[in-house]
Amino acid sequence: MADTATTLPPARSQPRLDLRGVLTRYGAWVALALLILFNLAFTPNFATWQTLNVNLTQVCSIVIVGVGMTLVIATGGIDLSVGSLMAIAGALAPLIFLGNLFPLPHPYVGIALAFVVPVLVAGAFGWFNGWLITRLRIQPIIATLVLFIAGRGIAQVMTNGNLQVFKVPEFQYIGLGRLFGLPFQAVLMVVIVLAAAWMLKRTVFGRQILAVGGNERAARLSGIPVVSVKRRVYMISGLLSGIAGLIVIARNSAADANLVGLGMELDAIAAVAVGGTLLTGGRATVIGTLVGALIIQLVRYTLLANGVPDAAALIAKAAIIVLAVWVQRQGRS
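Residues numbered from 1 in each chain as written. Predicted model: local features only at pLDDT ≥ 70, side-chain atom pairs only at ≥ 80, totals over all residues. Heavy atoms only, no water.

S.K.: Kindly report on helix H7 (residues 184-202), identifying the contributing residues and their values.
M.R.: Taking 1.5 Å of rise per residue, 19 residues should cover 27 Å, and H7 covers 27 Å from first to last C-alpha, within 8% of that figure. Gln185, Ala186, Met189, Ile192, Val193, Ala196, Ala197, Met199 and Leu200 are the residues of H7 that are buried. Down the axis of H7, the buried set is contained in an arc of 160°. They therefore lie on one face. Within H7, the exposed residues directed more than 90 degrees away from the buried face are Leu194, Trp198, Lys201 and Arg202. Those residues of H7 hidden inside the fold are in contact with helix H2 (49-74), helix H6 (169-176), strand E3 (182-183), helix H8 (204-214), helix H10 (226-252) and helix H12 (286-305). (Helix = DSSP H or I, 4+ residues; strand = E, 2+ residues; numbered from the N terminus. Expected span 1.5 Å × (residues − 1). Buried < 20%, exposed > 50% of the residue type's maximum accessible area, 1.4 Å probe, protein only. Arc of directions from axis to C-beta. Contact = heavy atoms within 4.5 Å.)

S.K.: Please give an account of the layout of surface pockets that cites residues and values.
M.R.: Over the atoms, a rolling probe the size of a water molecule traces out where space has been left empty. Each pocket or cavity is described by its volume, and for the second largest pocket that value is around 540 Å³. Around the second largest pocket sit 23 residues that line it, and Gln58, Ile62, Leu262, Met264 and Asp267 are the ones nearest its centre. For the lining of the second largest pocket, the secondary structure elements donating two or more residues are H2, H10, strand E4 (254-255), helix H11 (264-275), H12 and helix H13 (310-332). Of the residues assigned to the lining of the second largest pocket, the class counts are 11 nonpolar, six polar and six charged. (1 Å grid on protein atoms, 1.4 Å probe; cavity = no way out; pocket = protein on both sides within 12 Å on 5 of 7 lines; lining within 4 Å. Points joined across faces, edges and corners; volume = space filled by probe spheres on them. Nonpolar A, V, L, I, M, F, W, Y, C, P; charged D, E, K, R; others polar.)

S.K.: Explain the packing of aromatic side chains to me, and be specific about the residues and the numbers.
M.R.: Inspection of every chain in the model, using the stated rule, returns eight aromatic pairs. Seen in terms of ring centroids, Phe97 and Phe166 are 5.1 Å apart; in terms of plane orientation they differ by 80°. Their pairing is edge-to-face. Linking Phe97 in helix H3 (residues 82-97) with Phe166 in the loop between strand E1 (164-165) and H6, this pair joins segments that are 69 residues apart in sequence. Neither Phe97 nor Phe166 differs from the other in exposure class; each is buried. Consider the rings of Tyr173 and Phe184, whose centres lie 5.1 Å apart with planes at 45°: the pair is tilted. Taken together, the residues span a long stretch of sequence, with Tyr173 in helix H6 and Phe184 in helix H7 at a distance of 11 residues. One aromatic cluster in this structure is built from Phe97, Phe115, Phe166 and Phe171. (Phe/Tyr/Trp six-rings, centres within 6.5 Å; stacked < 30°, edge-to-face > 60°.)

S.K.: Give me empty space enclosed by the protein: which residues, what numbers.
M.R.: Taken as a whole, this structure holds one cavity of 30 Å³ or more when the rule is applied. The calculated volume of the largest cavity comes to roughly 40 Å³. Breaking the lining of the largest cavity down by element, the ones donating at least two residues are H12 and H13. Considered class by class, the residues forming the lining of the largest cavity number four nonpolar, no polar and two charged.

S.K.: Got a sec to walk through the nonpolar core? Specific residues and values, please.
M.R.: Within the largest apolar cluster, 67 residues are counted, with the highest numbers of intra-cluster contacts made by Val63, Val67, Met69, Phe97, Phe171, Met189 and Ile209. The element contributing the most residues to this core is H2, with 13 residues. Once residues lying within four places of it in the same chain are set aside, the contact partners of Val63 are Met189, Val193, Leu290 and Ala293. Grouped together as the second largest cluster of nonpolar side chains are 14 residues, Leu32, Val274, Val291 and Leu298 included. (Core = buried A, V, L, I, M, F, W, Y, C linked by side-chain atoms within 4.5 Å.)

S.K.: I'd love a proper account of a nonpolar patch on the surface, names of residues and values included.
M.R.: Taken together, the side chains of Tyr26, Trp29, Val30, Leu34, Ile36, Leu37 and Leu40 make up a nonpolar region of the molecular surface, amounting to roughly 700 Å² of accessible area. Its place among the elements puts Leu34 in helix H1 (residues 19-42). Of the residues examined, Leu34 reaches a relative accessible area of 54% and is grouped as exposed. (Patch = residues over 30% accessible without salt bridge, like charges linked within 9 Å, V, L, I, M, F, W, Y side chains within 5 Å. Areas by Shrake-Rupley, 256 points an atom, 1.4 Å probe, with all protein chains shown as cover. Salt bridge = Lys/Arg side-chain N within 4 Å of Asp/Glu carboxyl O.)

S.K.: Before we move on, can you summarise the pattern of salt bridges with the specific residues and values?
M.R.: Summed over all chains, the structure comprises two salt bridges. We note a salt bridge from Glu216 to Arg220, for which the minimum N-O separation is 3.0 Å. One end of the pair is Glu216 and the other is Arg220, both in helix H9 (residues 216-221) and four residues apart, which spans about a single turn. Between Glu216 and Lys230 there is a salt bridge whose closest N-O contact spans 2.8 Å. A residue pair is termed long-range when its members are at least 10 positions apart, and Glu216 in helix H9 and Lys230 in helix H10 qualify at 14 residues. Under the relative-accessibility criterion, Glu216 is labelled partly exposed at 27%. What makes Lys230 buried here is its relative accessible area of 13%. The structure contains a network of salt bridges with shared partners spanning Glu216, Arg220 and Lys230.

S.K.: Would you mind going over the confidence of the model for the chain in detail, with residue names and values included?
M.R.: Across the chain, pLDDT averages 88, with 91% of residues at or above 70. For the chain, H13 is the element with the lowest average pLDDT, namely 74, and H10 is the one with the highest, namely 96. (pLDDT = per-residue confidence, 0-100.)

S.K.: Quick rundown of the side chain of Thr70? Include the residues and the values.
M.R.: Residue placement: Thr70 occurs in helix H2. The buried category is assigned to Thr70, whose relative accessible area is 0%. Ignoring anything within four residues of it in the chain, the contact list for Thr70 reads Val272, Thr277, Ala284, Thr285, Val286 and Thr289.

S.K.: Quick rundown of H12? Include the residues and the values.
M.R.: Under the 1.5 Å per step criterion, the end-to-end length of H12 is 28 Å for 20 residues, consistent within 8% with the ideal 28 Å. Burial runs high along H12: 14 of the 20 residues are buried. If you check the start of H12, you find a side-chain oxygen 2.9 Å away from the backbone N of Gly288, and it comes from Thr285. Positive phi appears at Gly307, one or two residues downstream of H12, with a value of about 80°. (Polar contact = N/O pair within 3.5 Å; in protein donor to acceptor, adjacent residues only side chain to side chain.)

Written as C-alpha cells, this is what we have:
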C-alpha cells in the first residue's frame, strides 16, 4: 500500500514593518513630538501660555504663505516672489488707511479698503506670475524671480523707502487681536489650513492640482485646464502672501518695505519640504506644511531658549531641510 504524503499549507509570511514608508508618512509628526517632549523636559517655562503665544505669532505668517507655496509646488512649480508680495501689501495698506493715497470719506472706509485692496493687488501679481509661466513658457523659478527682485523695489518706491509707523487698533486686530483667548492670526491660520486641506482632498480643483504636478502632459490630454489651474494656484499664493503681509505690519505697528517678508520664500519652502510635500509635484499635504513650519519654529526656539546663538539655528534649519529631502528620496526609491 503506497504511502500518502501529507501536504502542509504554505507558511504565511509575517508582515514586515516598512520603516521607509513610516518615516516618509509620519516622520514630521514624530520629529514634532520629540521636540515638544525635549522642551518639556529641558527648556524652562516651555509649558506656559506666553511661550505658546510667542511661537504661534512667529509661525502664523510662515504657515499662511506656506499653504500657497504648497499648492504651487504641488503643480511642479515654485514661487520666489512671496516675500516681495508681502512687502507690497504691507506698504500699500498704511498708505490707504492713513489717507496718504487718496482722501477718505471716513476712517473705517480706509480700514476696510486696507484689508481688501492690498490682498487683491498681491493676488493680481500672483496671477501675473502664472501668466508669465503659462503664456510666455518661462520656468517658474525664473518667472517668480522677476517679482522677487522687482516687487520689493515697487514697495520701496510706493513708500519712498520710508518707515510707516501707525497705531490703528481696528486694523491691527488682524495681528494683535484675540479671539476665544487665542491670537486672531492663529485662528485665521487654522481656518486657512483647514480650508486648503479640504480643497486639496475633496474638490475637483484639488485633484486637478495634483494631476498637473504628477504628469502635466497626461493631465492636459485628459482634459484638465492646465493653464487655468496654474494661474489660479499662483494667484492663491499671492492672495495668501498679501494676508501674511498685513499680519506682519499689524503685529509690528509699522511697515518697512525693506524688511517685511524678507527671506519668507525660504521659510515657506522649508516648511513645505519638511512637511512631506513632494518637491517635484504630484503629492502635497497642507497639514504637513503646518507641522513642518512648527518644527522649524520649535527648533529655532529650542536653540535660542537654551543659549545657542541664532546663527546655529540657521545651520540647524538647513540640516532639517537636507534631512527632509533625503527622507523623501528614500520613500521614492
